[in-house]
Amino acid sequence: MKKTSTRLADGRELIYYDLSDATVRDAVDRRPLAPTVTTSQIRSDPLLGDRVAIASHRQARTYHPPADQCPLCPSRGDRLSEIPDSSYDVVVFENRFPSLAGDSGRCEVVCFTSDHDASFADLSEQQARLVLDAWTDRTAELSHLPAVEQVFCFENRGAEIGVTLQHPHGQIYAYPFTTPRTALMLRQVAAHKRESGGENLFDVVLRRELAGERVALEGEHWAAFVPYAAHWPYEVHLYPKRRVPDLLALDEAARAEFPRVYLELLGRFDRIFGEAEPPTPYIAAWHQAPFRGPVESDGLTRDDFALHLELFTVRRTSGKLKFLAGSESGMNVFINDVPPERAAQRLREVASS
């Protein structure tokens, strides 16, 4: 992997990740952009303890542009985009309309390929490995920023999810706090460690799932399963079999196997509802241990956390979506119409071989 860092016309950082060490990146952003101005602010809910990002500047962000005006495609001729070069393998750059900025953290965009009509599932294993390496590199870099406590790499795909740019891409949020979802996991892990005399809850969950009927896909170094209490109709958790706290700690064997396992998993998601259906909308979210903060309290260390990826879709059956209604949105109590055991069976049925 070759890494080349440059600056866009408004001062934002852009980084090329290339498969070939011989690739030269010297294109200049020719757009007449003024310096980026953000109004991001973090506020705390006094009753729930949650943080909310207030970011009014995001109202002006790009919304469903036509394909020939996509800001994530390479620049060609007089058609100038966020990527100055005429082609790329993987690109990461600071979001022009970030939810988090400055002392409130940082938001980055990750473009998986220059092919506007592709998706992550269309990547080769070599390309998918490059994305994994980019996620890892950005996690390392962002973790060193003084304001950053937790790094979250994720992909939203599909208009049904709320995606406003159709080009295959994901994002990275570097939060100045530990997210509520992670804090809940840490609370459960700490309680189990105390009550069991030191046993790790992530290890218990993985061991139980691998012995049951909800395994969707298993490799030598990775395992994917539908969790016992899945929130979403089709939800899969992907774990490395050797517990590590973050992407940085994956060994080479796990890194080498990840592309094959993940691409197969994404392919199955696209086949769940049949070939006549549009591509399955999904969210793919990496859960990593916070780099500072509450993870090293209550008897825990960072090594007690288990890196994992959660992949789920809002489609519950052909032509129908799972909407968050009163119980889910109002009380955070999910109601799932698809038994996890049936979801896992369906994901096994649509295996590529």
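Just so you know, these numbers come straight off a predicted model, no measurement behind them.

### So, unusual backbone geometry
Move 1: Phi angles above zero are rare outside glycine, and Asn332 is one such case at about 60 degrees.
Move 2: For Asn332, the position within the fold is in the loop between helix H5 (326-331) and helix H6 (340-349).

### Thoughts on the nonpolar core
As a rule of thumb, soluble globular proteins bury nonpolar side chains together.
Move 1: Counting residues in hydrophobic clusters, the biggest one holds 53 residues, and the most contacted among them are Phe120, Trp135 and Trp286.
Move 2: Considering each element in turn, this core owes the most residues, eight residues, to helix H4 (residues 252-271).
Move 3: Trp135 has contacts with Phe112, Phe120, Cys153, Ile172, Leu247, Phe258 and Trp286, leaving out every residue within four places of it along the chain.

### Thoughts on the environment of Ala22
Move 1: Within the fold, Ala22 resides in the loop between strand E2 (13-18) and strand E3 (41-44).
Move 2: Sequence separation of Ala22 and Lys2 is 20 residues, and the distance between their C-alpha atoms is 8.3 Å.

### Quick word on the pattern of salt bridges
As a working rule, side chains carrying opposite charge can pair if their charged atoms are close by.
Move 1: Under the definition given, this model contains 33 salt bridges.
Move 2: A salt bridge links Arg315 to Glu160, with the shortest nitrogen-to-oxygen separation between them at 3.5 Å. Taken as a pair, Arg315 in strand E14 (residues 315-317) and Glu160 in the loop between strand E7 (150-157) and strand E8 (169-175) lie far apart in primary sequence, 155 residues in all.
Move 3: Residue class for Glu160 comes out partly exposed when judged on its relative accessible area of 36%.

### Quick look at the sheet that holds strand E10 (residues 222-225)
Move 1: Taken together, the eleven strands give an open sheet; going across it, the order is E1-E2-E5-E6-E8-E7-E12-E13-E11-E10-E9, and neighbouring strands pair in antiparallel fashion. A single partner strand is all that each edge strand has here, and the edge strands are strand E1 (2-7) and strand E9 (215-218). Geometrically, the sheet is characterised by an average inter-axis angle of 20 degrees between neighbouring strands, direction not taken into account.
Move 2: By the bridge criterion, six bridges tie E1 to E2 in an arrangement that is antiparallel. Paired with Lys2 across the two strands is Asp18, which belongs to E2.
Move 3: Where helix H1 (residues 125-143) meets the sheet, it contacts E1, E2, strand E5 (90-94), strand E6 (106-111), E7, E8 and strand E12 (282-287), and its direction lies at approximately 145 degrees from that of E2.
Move 4: Across the sheet, H6 is in contact with E9 and strand E11 (234-240); its angle to E9 comes to roughly 40 degrees.

How each quantity is defined
Residue positions are counted from 1 within each chain, in the order its sequence is given. Per-residue local features are limited, in this predicted model, to residues with pLDDT of at least 70; the limit for side-chain atom pairs, both in listing and counting, is 80 or more; totals at the level of whole chains, interfaces and linings are taken over all residues. Excluded from the side-chain calculation are hydrogens and water; included are all heavy atoms of the structure. Secondary structure follows DSSP: runs of H or I at least 4 residues long count as helices, runs of E at least 2 residues long count as strands, and numbering of each begins at the N terminus. Here, nonpolar core refers to any group of buried Ala, Val, Leu, Ile, Met, Phe, Trp, Tyr and Cys residues whose side-chain atoms link them within 4.5 Å. Partly exposed residues are those whose accessible area sits between 20% and 50% of the maximum for their type, while under 20% is buried and over 50% is exposed, using a 1.4 Å probe and protein chains only. By definition, residues are in contact when any of their heavy atoms lie within 4.5 Å. What makes a salt bridge here is a side-chain nitrogen of Lys or Arg within 4 Å of a carboxyl oxygen of Asp or Glu, nothing more. Whether two strands pair comes down to DSSP finding at least two bridges between them. Lines are fitted to the C-alpha atoms to define the axes, a helix being fitted only along its stretch in contact, and any angle between axes, read from their N-to-C directions, falls within 0 to 180 degrees.

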